[in-house]
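The chain contents come next:
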Amino acid sequence: MKNLILYNGPNSPFGRKTKITALVHKIPFEEKVIKVYDSEFLDKFNPLRKIPTLVIDNKETIIDSDNICLYFDEISNRKTLYNKKIYWQIMTIISVANGLMEAVLERRMELIRPSNEQSESFVKKQEIRVFRTINWLEKNWNNFEKNVSMDQISIAVALEYTKYRFTDSWSNDCTKLNEWLSKFNSNDFMELTIPKEAT
Ligand SMILES: N[C@@H](CCC(=O)N[C@@H](CS)C(=O)NCC(=O)O)C(=O)O
């Protein structure tokens, strides 16, 4: 078995996606929670200095949460999280969920800058994107299959991150999504990966 080290942050939604994938596939890995901004050592593995970053046997690196999830899915002998019959639908929804995480993250990064450097229109743009995306998912996404899939994991993580860092005001209007999320959150892999600061 290869030695897998997952460099992660304490609250990263991208990191949470990869941890859930490893848990679902029962792949043993060591998580190292780092302060990414101070982690110069990471540059030799990932010049973007971003988490999550997966280091295999201290020599091979996999960068980007989507690639890490695909890697875990490939090395596992359990059922794939990317049903081949709806593969492109799953991939597209994963991209929508990633975009939602990015919008929430970008908004937060802007709001923690010194107030004289913040752009109100930038923050507004991200907020509009967040609501538009969640409403779009409410109308267009319906893969509520019992078998866990990568689009489900990605959407659940993105919605939880939105609640944690921004708002849950959408939950009254997006009832289908919200009801599904409440049930999905009771899975072990969701409960075990709640960001520590969010509890
Ligand atoms: N597309 C990347 C995004 C990863 C990402 O944005 N990570 C953030 C933390 S949530 C990060 O490392 N930020 C550090 C920085 O921007 O300097 C992925 O899916 O892994």
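Residues numbered from 1 in each chain as written. Predicted model: local features only at pLDDT ≥ 70, side-chain atom pairs only at ≥ 80, totals over all residues.

Engineer: Could you give an account of the site of the ligand, naming the residues involved and the relevant values?
Structural biologist: The local shell around the ligand holds 13 residues, among which Ser12, Phe14, Lys50, Asp64 and Ser65 are the closest. Of the residues contributing to the shell around the ligand, the split by class is 6 nonpolar, 3 polar and 4 charged. (Near = placed C-beta within 6 Å. Nonpolar A, V, L, I, M, F, W, Y, C, P; charged D, E, K, R; others polar.)

Engineer: Talk me through the packing of helix α3 (residues 87-111) against helix α4 (residues 120-140); I want residue IDs and the actual numbers.
Structural biologist: Running from N to C, α3 and α4 cross one another at 155°; their axes reach a closest spacing of 9 Å. Put simply, α3 runs roughly antiparallel to α4. Crossing angle aside, the handedness with which α3 passes α4 is left-handed. Between α3, through Val96, Gly99, Leu100, Ala103, Val104, Glu106, Arg107, Glu110 and Leu111, and α4, the contact on the second element is made entirely by Phe122, Val123, Gln126, Glu127, Arg129, Val130, Thr133 and Leu137. Here the contact of α3 with α4 is composed, by residue class, of 9 nonpolar, 3 polar and 5 charged. (Axes fitted to C-alpha atoms, helices over the stretch in contact; angles between N-to-C directions. Helix = DSSP H or I, 4+ residues; strand = E, 2+ residues; numbered from the N terminus. Parallel < 35°, antiparallel > 145°, perpendicular 65-115°, else oblique. Left-handed = near helix turned anticlockwise from the far one by under 90°. Contact = placed C-beta atoms within 7 Å.)

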